[in-house]
Structure formats: structure tokens, C-alpha cells
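A look at the structure
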Amino acid sequence: MKFEEILKEYNIDINPEQINQFEIYKKLLLEWNEKINITRITEAQEIYIKHFLDSLTLINTGLIKEGKSLIDIGTGGGFPGLPLKIMYPDLKMTLMDSLNKRIIFLQEVIKELNLKNIEAVHGRAEEYGRKEDYREKFDLVTNRALANMSSLAEYSLPFVKKAGYFIAMKGSEYKEEVKEAKNAIDILGGKIVDIKEIRLPGEILHSLIIVEKIRETPKKYPRAGGKPRTQPL
């Protein structure tokens, strides 16, 4: 099935230029994947569904809008940030990853797709979350399969403006994780306001955990030295 036909089933409209951009992105992803480890998914149809469509399910939150600022933490091959940027060219996008090889790949994709108002940053969330230019500067923060929900909250909420949102992309087994993370989310200034379950083709169930930033994150967070992951709140 063609990519545009898959999107049609999810009520996502796409124009020919955007289809072309996704095809170039897919080609670059496969070429670079032979040199550096970006993804285990290498079949075209699986890339369409498990990378591109999965990223675009965030549109269903109603929070992705032109002109908003979004940072994608631990972006890897650019997911979900780059597919969202293709669909919403006026999003102010920051892609962050701790592996510089991936950032070099993303910079190549950005150049080839002629995308504007987007940066790919080599860095760690626990360091950039303390920097004045990044702390509490974004309308939206997202990440995909980076860590457990408590750790994700500590990595992500310091970047979110008050009244902004953190959207965690999780699988089907999210309920216990969310329950355990509620205290951490509260400490960090957030509140879970919605959970959306999304069924992808092939009976894949994914979930979007939507956290609103209701007050500032205390200055001592995020903690350094890998503590968000090794000693979650």
C-alpha cells in the first residue's frame, strides 16, 4: 500500500511535495543505515508504518500546530520530529540526540529536504535541560521509547513552557508505568491530562501520554550523572 493511502485511513492529508520529501527521507535513512546504526527497520512498508505513520499519530492530539516550538529528545533517526516537520513546515523544530553520528545524518536530511527553522543538536537532555536557551522554552516536548515514564518526565518537563505539553510515545504496556510515574510528574510540575491509544496496521497498539506543564520545574531537575535513568523519582 502506498504511503498516502495509509495516511488516508488515519484522516491525514498529504500533498505531492510532502510525499516526495518522505521518499527522499526513506532513501537517505536506508543509505546511511548501512554506515551507522540508525534503525533495525529496513523494509519500505515497515518504515512507512513504524516510523513515519507512528510519528504522525501525534497529530491526533490536536496539539501539533504551525508556529509552535517542539523539541524531540533522543530523536535517533529523527522520529517523531522530522515527519512532523515535513507535515507542518512552520513548526519551530529542535532534534536532540546524544550520538553525534545521528546528528550528522539528520543535518544531511534537513539539507536535502530544504527544511527551514529546524536544528539538530548533539547533546544530553540532563545537560541541555539546565541551559537558559532551552529550559522552559518549548510549547511541546516529545520522545519515543527513550526510557521509563518517570525518567522521561525528568528528561522532558524541564524543557516545557508553563501551559505547554510533554507527549510521551509508549507501547501497549503503559498503564503500570504511568501509575508509577504520577509522583515524579507532579514533582516536576506536570499533570497527566489525557492518554490516547492508537492502533497501527498489523494490530500494533501504541499510546500517547499527554502531560500538561502546570507549574515551573524545580531548579534541581534534571539531575546530572544519569540519575534520571538509574534513580528515577
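Quick note: structure is the one above.
This write-up is about the structure you can find in this document. Computed from a predicted structure; not experimentally measured.

Calculation notes
Residues numbered from 1 in each chain as written. Predicted model: local features only at pLDDT ≥ 70, side-chain atom pairs only at ≥ 80, totals over all residues. Heavy atoms only, no water. Helix = DSSP H or I, 4+ residues; strand = E, 2+ residues; numbered from the N terminus. Rg over C-alpha atoms; globule rule 2.2 N^0.38 Å. Buried < 20%, exposed > 50% of the residue type's maximum accessible area, 1.4 Å probe, protein only. Contact = heavy atoms within 4.5 Å. Areas by Shrake-Rupley, 256 points an atom, 1.4 Å probe, with all protein chains shown as cover. Lys, Arg positive; Asp, Glu negative; His and termini not counted. Charge placed at Lys NZ, Arg CZ, Asp CG, Glu CD. 1 Å grid on protein atoms, 1.4 Å probe; cavity = no way out; pocket = protein on both sides within 12 Å on 5 of 7 lines; lining within 4 Å. Points joined across faces, edges and corners; volume = space filled by probe spheres on them. Nonpolar A, V, L, I, M, F, W, Y, C, P; charged D, E, K, R; others polar. Pairing = 2+ DSSP bridges. Axes fitted to C-alpha atoms, helices over the stretch in contact; angles between N-to-C directions. Phe/Tyr/Trp six-rings, centres within 6.5 Å; stacked < 30°, edge-to-face > 60°.

Some details on the overall build of the chain
- The helix and strand inventory of the chain stands at nine helices and seven strands.
- The C-alpha radius of gyration computed for the chain amounts to 17 Å, which stays within 12% of the reference 17 Å derived for 233 residues, consistent with globular compactness.
- Taking the principal axes of its C-alpha atoms as reference, the chain extends roughly 45 × 35 × 30 Å.
- Every one of the 233 residues in the chain was classed for burial, and the buried ones make up 54%.
- Pairs at least 24 residues apart make up 68% of the contacts formed inside the chain by residues separated by at least 6 positions.
- Per element, the accessible surface of the chain, about 11100 Å² overall, is 46% carbon and sulfur.
- Of the side chains in the chain, 37 bear a positive and 35 a negative charge, and the two mean positions are spaced by 5 Å.

A short note on the layout of surface pockets
- Of the pockets and cavities examined, the second largest pocket occupies roughly 150 Å³.
- Along the walls of the second largest pocket sit N15, E17, Q18, Q21, K85, I86, P89, L113, N114, L115 and K116, which together make up its complete lining.
- If you list the elements that add at least two residues to the lining of the second largest pocket, you get α2 (16-33) and α4 (81-87).
- It is α2 that contributes the most residues to the lining of the second largest pocket, three residues altogether.
- When the residues that make up the lining of the second largest pocket are grouped by side-chain class, the tally is four nonpolar, four polar and three charged.

Considerations on the environment of Y174
- With respect to the helices, strands and loops of the structure, Y174 is situated in the loop between β5 (160-170) and α8 (175-187).
- Taking the C-alpha atoms as reference points, Y174 and Q21, 153 residues apart in sequence, are found 33 Å from one another.
- For Y174, the residues in contact, after removing those within four places along its chain, are I195, E197, S207 and I209.

Structural notes on the sheet that holds β5
- The seven strands lie next to each other as β3-β2-β1-β4-β5-β7-β6, forming an open sheet whose pairing is mixed. The two strands at the open ends of the sheet, each matched to only one other strand, are β3 (118-122) and β6 (190-200). Neighbour to neighbour, the strand axes of the sheet diverge by 20° on average, direction disregarded.
- Direction of pairing for strand β4 (residues 138-144) relative to β5: parallel, over a ladder of six bridges.

Points about the packing of aromatic side chains
- One pass over the full model with this rule turns up 12 aromatic pairs.
- With 5.7 Å between their ring centres and 65° between their planes, F3 and F52 make a pair best called edge-to-face. Of this pair, F3 sits in helix α1 (residues 3-8) while F52 sits in helix α3 (residues 44-56); the two residues are 49 residues apart in sequence, bridging distant segments of the chain. Note on accessibility: F3 and F52 belong to one class, buried.
- Looking at F52, the relative accessible area reads 0%, which means it is buried.
- Taken together, the aromatic side chains of F3, F22, Y25, Y48, F52 and F79 make up a single cluster linked through ring pairs.

Brief notes about unusual backbone geometry
- With an omega dihedral of 10°, the bond running from F79 to P80 counts as a cis peptide bond.
- Summarising the element assignment, P80 is placed in the loop between β1 (69-73) and α4.
- Residue Y221 is joined to P222 through a cis peptide bond whose omega torsion reads 5°.
- Here P222 lies in the loop between β7 (204-213) and α9 (227-230).
- Of note in this structure, N11 is not a glycine but carries a positive phi near 55°.
- Mapped onto the elements, N11 comes out in the loop between α1 and α2.
- Take N11: its relative accessible area is 71%, and that puts it in the exposed class.
- For A163, which is not glycine, the phi dihedral falls at a positive 75°.

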